[in-house]
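# Tertiary structure, described
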Amino acid sequence: MAKTIREINERIRTGTAVILTAEEIIGMVKEKGVAETARNVDVVTTGTFGPMCSSGAFLNFGHSTPGIRMNKVWLNDVPAYAGIAAVDAYLGATEMSETLGMQYGGAHVIEELVAGKDVELRAESYGTDCYPRRKIRTTINRNNINQAYMFNPRNAYQNYSAATNSTEKIMYTYMGTLLPKFGNVTYSTSGELSPLLNDPEYRTVGIGTRIFLGGTQGFVAWEGTQHDPGQVRLENGTPAAQAGTLAVIGDLKKMDSRYIRAAVYEKYGVSLFVGIGIPIPLLDEDMVRRTAVTNRDIMTQVVDKSGRENLNLRVTYEQLHSGSIEINGKKVSTAPLSSLKMAREIAANLKGWMEKGEFLLTEPVAPLPMHTTRLNRLEIRGDFHEDR
Amino acid sequence: MKTVKLSIIYPVNKITAPIVSTLIKKYNLEINILHADISLTKVGTLVADITGAESDIAAALQYIGDAGVEYRIFTSKLIWDEKRCVHCGACTAVCPSDALTMSHEDWSLQFNREKCVVCGLCTKACPLSVMSLA
Ligand code: SF4
Ligand code: SF4
């Protein structure tokens, strides 16, 4: 017996919807079976809280008198992209401070804006007839600027390769510190709780889907950059390495700094922890089976980040969670990089919002692409010199 | 009685020196080994809490030095700003002594100070800078 999103929303509104997290559904299906769970449960909530570099925010500062057509903008000494209209800018999470280097970046400015703190704005211009001002220095915060919305081109990666290091030297990477000679393995997915691993073929998550983003309600705006649905998949439909991604949008002014945290990876750079939770409507038995996926059923590949060895190794999230895996016959400790504790909190919050009738499901406006075309590679056609 | 945290660094040719047994027998010290990395072919390190009378400890340190073995006393300690921790687990990737582990119950970070050898690796590996030495 299939359900519609409209019917589920009616139950959410009247407080009668049954909502479980992507961990809770596993036990329910084991106990009651797929058919009964499909009858009784309406929604499964997912969550993830990990470093997501491809994040940032669009800001509109408002006009000064006389006006300025900003063409260079700094926020707490972090450059923001101003190649858009007069007082608009995009601040990327990984952009670094011109004075503090990689200790402080766009992610820190975003975290401070979310927390309601003041940020120094400096801007320069060449001056135009209609916008004669050439320089401005002021302070902004989330209340005295017009718009501040997060627009993250690539978040919520559907699975991600685990990382290790075969060389004799320590490697500092976006996958954390990798110790020499397979000294450790790091991984960064919330496994059975992860949004796109619970709807692996994007049956319910699409463009326009309302989500939990940074503590408020946001939306899926588009497929994320590097969206790669053609990745090798297991029989249950989950990809065996990184595959789908989401571009997401949400009001930074309403976010909670508990779920938006700046991060610095040693000798690599700045990133942003973003909290995302996506509700998965249990439209039919197929969706129940999808969301009942466990860490034992989800696999990822282990990649040597030095690129030296092709390990050809696939492991389950159950193995990664156990604390160690085997590489070439040697026991190697595993460490997570995304917070499962926070992911659980996000899935629970989203569940709470729906139980209170504060969050309704959306029908996707358009589906995410499910094409099999794989990603393009960049050809190197030569070097260039400063003077060119 | 006093306790000091010590790291003892054995050069390759001194790996077999009976340091620990001498500390126990001759200097009446109580030794709690926190971390040991000793093999016959490379420099060995041992990290231990050493408890005993102040004079015995002083004499023992003199003895270790005379035996041609290096030692270092830990004066600093690790500070974990737990309120700001997001429990991501990145620090557990580098901790050499299992002082930092993830609880498999609620996936929160667990810090066992007893096992910490104050190496400082986690202070750099933590992306939120919530670990520091003081
Ligand atoms: S790396 Fe930092 S934030 Fe992450 S668990 Fe360790 S101390 Fe907490
Ligand atoms: S300083 Fe940090 S990494 Fe080093 S032993 Fe202590 S807890 Fe582990």
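Residues numbered from 1 in each chain as written. Chains lettered and ligands numbered in written order. Predicted model: local features only at pLDDT ≥ 70, side-chain atom pairs only at ≥ 80, totals over all residues. Heavy atoms only, no water.

## As for the layout of surface pockets
All names here are of chain A. For the record, the criterion: Only protein atoms enter the 1 Å grid used here, on which a cavity is any set of points holding a 1.4 Å probe that cannot leave and a pocket is any open set flanked by protein within 12 Å on both sides along at least five of seven lines; residues with an atom within 4 Å of a point are listed as lining. Grid points are joined across faces, edges and corners, and a volume is the space filled by probe spheres set on the points. Helix and strand assignments come from DSSP, with helices taken as H or I runs of at least 4 residues and strands as E runs of at least 2, each series counted from the N terminus. Think of it as three bins: nonpolar holds Ala, Val, Leu, Ile, Met, Phe, Trp, Tyr, Cys and Pro, charged holds Asp, Glu, Lys and Arg, and polar takes everything else, Gly as well.
Its boundaries defined by the atoms lining it, the largest pocket holds a volume of some 820 Å³. R154, Y157, Y160, Y174 and Q242 are the residues nearest the centre of the largest pocket, which is lined by 35 residues in total. At the level of secondary structure, the elements contributing two or more residues to the lining of the largest pocket comprise strand 3 (48–51) and strand 12 (147–155). Looking at which element gives the most residues to the lining of the largest pocket, the answer is strand 3, with three residues. Counted by class, the lining of the largest pocket contains 15 nonpolar, 16 polar and four charged residues. When its volume is computed, the second largest pocket comes out at roughly 480 Å³.

## A look at the site of ligand 1
The condition that has to hold: We call a residue near a molecule or strand whenever a single non-hydrogen atom of that residue lies within 4 Å of it.
As a structural note, the neighbourhood of ligand 1 is formed by 13 residues, with C85, C88, G89, C91 and C126 of chain B the closest of them. When grouped by side-chain class, the residues that make up the shell around ligand 1 number eleven nonpolar, two polar and no charged.

## A closer look at the sheet that holds strand 5 (residues 72–75) of chain A
Residues and elements named next belong to chain A. Here is the rule we go by: Here the rule is simple: two strands pair whenever DSSP picks up at least two bridges between them. Axes, fitted as lines to C-alpha atoms, cover a helix only where it is in contact. Angles between the N-to-C directions of the axes lie from 0 to 180 degrees. Whether two residues are in contact is decided by their heavy atoms, any of which lying within 4.5 Å being enough.
Taken in spatial order, the four strands line up as 6-5-10-11 in an open sheet, and their pairing is antiparallel. A single partner strand is all that each edge strand has here, and the edge strands are strand 6 (78–80) and strand 11 (135–140). Adjacent strand axes in the sheet meet at a mean angle of 25° when their direction is disregarded. Examined bridge by bridge, strand 5 and strand 6 share three bridges and lie antiparallel to one another. Across the sheet, the residue bridging to L75 is V78, located in strand 6. Helix 3 (residues 106–114) rests against strand 5, strand 6, strand 10 (119–124) and strand 11 of the sheet, and its axis sits at about 125° to strand 10.

## As for the domain arrangement of chain B
Residues and elements named next belong to chain B. The criterion, for reference: In this document the domain limits rely on a domain assignment from an automatic tool or a database. Joining two parts hides part of their accessible area as seen by a 1.4 Å probe, and the buried area is that hidden amount summed over both. One speaks of a salt bridge when a side-chain nitrogen belonging to Lys or Arg is within 4 Å of a carboxyl oxygen belonging to Asp or Glu.
One can read the domain layout of chain B as domain 1 (2–73) and domain 2 (78–133). Inter-centroid distance (C-alpha atoms) of domain 1 to domain 2 is 26 Å. Domain 1 puts six residues into the contact, and the matching count from domain 2 is eight residues. It is K5, L34 and H35 in domain 1 that bury the most area against domain 2; as a group they hold 74% of the surface buried on that side. At the junction of domain 1 with domain 2, the criterion picks out zero salt bridges.

## Regarding the site of ligand 2
Around ligand 2, the structure places 13 residues, and the nearest of them are C95, C116, C119, G120 and C122 of chain B. By residue class, the composition of the shell around ligand 2 is eleven nonpolar, two polar and no charged.

## Some words on the packing of aromatic side chains
All names here are of chain A. To keep it simple, the criterion reads: Working definition: rings of Phe, Tyr and Trp (its six-membered ring) pair if their centres are within 6.5 Å, and the pair is stacked with planes under 30 degrees apart, edge-to-face with planes over 60 apart, and tilted otherwise. Under the scheme applied here, a residue whose accessible area is under 20% of the maximum for its type counts as buried, over 50% as exposed, and between as partly exposed, the area being computed with a 1.4 Å probe on protein chains only.
All told, the structure shown has 13 aromatic pairs over all chains when counted by the stated rule. Here F58 and Y149 contribute two aromatic rings whose centre-to-centre distance is 5.8 Å and whose plane-to-plane angle is 45°, an arrangement assigned as tilted. Of this pair, F58 sits in strand 4 (residues 56–60) while Y149 is found in strand 12, placing the two residues 91 residues apart along the sequence. A residue is classified by how much of its surface remains accessible, and F58, at 28% relative accessible area, is partly exposed.

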